[in-house]
Amino acid sequence: MSTATVSHPRLQSRLGGWAARLGRLTWPVRICAVLLVLVGLGAVFAPWLEPYDPTDGDLSNTLVAMSGAHWLGTDAGGHDTFSQLLAGGRTSLLGPLGVVLFSTVFGALVGLFSAWRGGWVDALIGRVLDVMFAFPSLLLAILAVALFGKGLGAPVVAMAIAYMPYTARLVRSLTAQEKTRPYIAAYRVQGHSPAFIALRRLLPAVGPTILAQSTVNFGYALLDLAALSFLGLGVQPPTPDWGAMINQSQAAVLEGQPLSAVLPAVLVVVVVVAVTVIGEHFGDRLAGREAKA
Amino acid sequence: MWLRRVGAMALTLLVTSFLVFSSLYLAPGDPVAFLVKGRSPSPDQLAAIRHEYGFDKPFPVRYWDWLTGMLHGDFGQSYQLHASVASVIGSRLPSTLLLVGLSTVLIVVFGVGLGIFGALRKGKGVVVLVTVGAAVPSFTAAIVLRSVFGVRLGWFPTVGTGSGFGDELHHMVLPAVALTITFMALVTRVTRASMLEELGREHVEVVTSRGLSRSTVIRRHVLRNALGPVVTVSGLLISGLLVSTAIVESAFGMNGVGSLLVTSVDHMDFPVVQAIVLLVVATFVVVNTVVDLVYPLIDPRVRAA
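Procedures and definitions
Every chain begins its residue count from 1, and numbering advances along the sequence as written. Following the order in which they are written, the chains are lettered starting with A and the ligands numbered starting with 1. Two thresholds apply to this predicted model, a pLDDT of at least 70 for residue-level local features and 80 or more for giving and counting side-chain atom pairs, whereas whole-chain, interface and lining totals are computed over all residues. Computation of side-chain values: all heavy atoms of the structure, hydrogens and water removed. Secondary structure follows DSSP: runs of H or I at least 4 residues long count as helices, runs of E at least 2 residues long count as strands, and numbering of each begins at the N terminus. Exposure is judged per residue with a 1.4 Å probe applied to protein chains only, and the accessible area is read against the type maximum: over 50% gives exposed, under 20% gives buried, and values in between give partly exposed. By the convention used here, residues are in contact when the closest approach between their heavy atoms is within 4.5 Å. Here a Phe, Tyr or Trp ring, Trp counted by its six-membered ring, pairs with any other such ring whose centre lies within 6.5 Å, and the pair is stacked when the planes are under 30 degrees apart, edge-to-face when over 60, and tilted otherwise. Counted as over-ring charges are cases with an Arg CZ or a Lys NZ within 6 Å of the ring centre that also lie within 35 degrees of the ring normal. UniProt positions are given in the numbering used here, feature names are shortened, and annotations may be inferred rather than shown by experiment. Reported domain spans reflect what an automatic or database domain assignment gives. Patch criteria: residues need more than 30% relative accessible area and no salt bridge. Like-charged residues are merged within 9 Å; nonpolar side chains of Val, Leu, Ile, Met, Phe, Trp and Tyr are merged within 5 Å. For every accessible area listed, the method is Shrake-Rupley and the probe measures 1.4 Å; residues are considered covered only by the protein chains on display. Just to be clear on terms, a salt bridge is a Lys or Arg side-chain nitrogen sitting within 4 Å of an Asp or Glu carboxyl oxygen.

### Brief notes about the overall build of chain B
The helix and strand tally for chain B stands at 13 helices and zero strands. Listing each helix as α and each strand as β along chain B from the N terminus yields α-α-α-α-α-α-α-α-α-α-α-α-α. Along the first, second and third principal axes, the C-alpha set of chain B runs to 80 × 55 × 35 Å. With 305 residues in all, chain B has 46% of them scored as buried. Of all intrachain contacts in chain B linking residues separated by at least 6 positions in sequence, the fraction that spans at least 24 positions is 74%.

### What about the side chain of Thr 191 of chain B?
Residue and element names in this part refer to chain B. In this fold, Thr 191 is placed in helix H8 (residues 165-199). Taking the relative accessible area as the measure of exposure, Thr 191 reaches 1% and is therefore buried. Not counting residues within four places of it along the chain, the set of residues in contact with Thr 191 comprises Gly 111, Val 112, Gly 115, Ile 116 and Val 230.

### Brief notes about the environment of Val 128 of chain A
Residue and element names in this part refer to chain A. For Val 128, the position within the fold is in helix H5 (residues 119-133). Overall, the relative accessible area of 44% leaves Val 128 in the partly exposed class. C-alpha separation for the pair Val 128 and Pro 165, spaced 37 residues apart in sequence, amounts to 9.0 Å.

### Focus on the packing of aromatic side chains
Counted according to the given criterion, the structure contains 14 aromatic pairs over all chains. Measuring from centroid to centroid gives 5.5 Å for Phe 21 of chain B and Tyr 63 of chain B, while their planes differ by 50°, and the two rings are tilted. Of the two residues, Phe 21 of chain B is situated in helix H1 (residues 2-22) and Tyr 63 of chain B in helix H4 (residues 59-71); the sequence distance between them amounts to 42 residues. Neither residue differs from the other here; Phe 21 of chain B and Tyr 63 of chain B are each classed as buried. Lying over the aromatic face of Trp 27 of chain A, Arg 30 of chain A brings its terminal NZ or CZ to 4.5 Å of the ring centre. The ring of Phe 252 of chain B is capped by Arg 146 of chain B, whose NZ or CZ atom sits 5.4 Å from the centre of that ring.

### A closer look at the UniProt feature "transmembrane region" (unreviewed entry) in chain A
Residues and elements named next belong to chain A. UniProt marks residues 31-49, 93-116, 128-148, 154-171, 218-239 and 259-279 with the feature "transmembrane region" (unreviewed entry), using the numbering shown here. Taken end to end, residues 154-171 is 100% helix and 0% strand, and its two terminal C-alpha atoms sit 26 Å from one another. For residues 259-279, helix accounts for 100% and strand for 0%, while the C-alpha atoms at its two ends are 30 Å apart.

### Focus on the domain arrangement of chain B
When its domains are assigned, chain B resolves into domain 1 (20-71) and domain 2 (89-261). Inter-centroid distance (C-alpha atoms) of domain 1 of chain B to domain 2 of chain B is 40 Å.

### Observations regarding a nonpolar patch on the surface
All names here are of chain A. On the surface, Val 37, Leu 41, Val 44, Phe 45, Trp 48 and Leu 49 cluster together into a nonpolar patch covering about 630 Å² of accessible area. Those elements that place two or more of their residues in the nonpolar patch are helix H2 (27-44) and helix H3 (46-49). Per element, the largest residue contribution to the nonpolar patch is three residues, and it comes from H2. Mapped onto the fold, Phe 45 is located in the loop between H2 and H3.

### Concerning the UniProt feature "domain: ABC transmembrane type-1" (unreviewed entry) in chain A
The UniProt feature table records "domain: ABC transmembrane type-1" (unreviewed entry) at residues 89-279 of chain A. Strand forms 0% of residues 89-279 of chain A and helix 84%; the C-alpha atoms that close the span are 20 Å apart.

Written out as structure tokens, the structure is:
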């Protein structure tokens, strides 16, 4: 096919563009990106990296301090904290990823549809979103647990619903602005179908801004899900999870052995800060580009 | 304007109450079986539950009975605690209100204060503080505060609610701080951004060139104009603050409405869960309607528009 021959130089110029973009990043953003990549790799390759089985408690080695055998010590159940942090990254990162994927896709579709149709459809969707805003994400997740039981599934779906209005509202306002620009009218005159213009031309134009917002949302979703596990309503032990680790180590904190609780708690903060810095960096830059245009 | 806003509020409350009520029917299986899950009720109790939820009546009638009951302060019976939901929540409400009130004072005072400070100083310190602060969840703050100020230094008690007002307040310090950090960071961020925007406006240049002192300019011509967005965002934060009491109260072993929500989910005490969810959502809706109505008093330009 002819596209195969075309794609090669295009790919090259793309890679060149990415390299140039990487060169323009500020140092805080670079550090945050490296941290996220490390945490992500740790979670992905946890089964090969962890020195001990994270679910296997060694009761003769509880609350061990940092040592050669246990790099980050052990918790009250004798679980190796380093192994638990690695394995816990899987549930702790996958959950928010699910929330963001669901809420971004549905939010984008709802927002696009609302702004594209306008009129009473737009007004009605706006009212529905208003009602949804009244349910904070963590509360909706707790309600979902009360109805469907503990675990990761029901809270992730509930939180995806709770985050959807934020994306929908953003996409709606972006689309409403973008819709009035001449290039959209030009596509219309050429006789392209509304679905084609909206999904293939308009959505890519507003996509980067949505992505920046979703990156920030990932951080909030991570906080919410960790809170749920901390309350004992989310991921259940022995499945490792950062929030659940903190919950399990609360008694040790009172005994003056806070290490196994503080480490996952700090890791949550580090990941959320990194995600927020990166998301806001791209959001600000996109906003700046828009202002110049 | 007033009538329309209050009407919209009533409609939103009605819709949310319907959603919370009908959520029971989303649970898999027979709603009655779900309500008694984890317990082995006698046939009498089962009949009482059927009667209380009116499962013999059609769905709209059930909803209407539930709604009118609530408007009279009847939230049904708790299964776990063998008391009316209203009395269970009522007995825990003062402690939670004190916690939320204390935290609100801290959020407003330090959030707005830091925001003003961050807007007037050129340094990046406040920005870093806000970015990190917004990412510190209340459970992380709780763990660190307990570990440092409770266990290591022994300045504050680490668990419980305390008795007597002074003791209660002493018990409340660490939880209130833990609850405050995230929300304070968000209020600081909005205050700073809003102040910076106002500082760049022409009217500020004009009054400065007319020789008004810096503090008068800031107080009368910048801060006053900048407070609008701060009030709006504070209203939106209220629901998150209320839900976060669940985390803080559980972390510090306090007997409040938030920890009641968690234990009720744990014990599948659905009537209590339903009532607390509805209270939080209703508070959010009412507070934000009040904010909308009060807004023109803060910023008369809105009324003109």
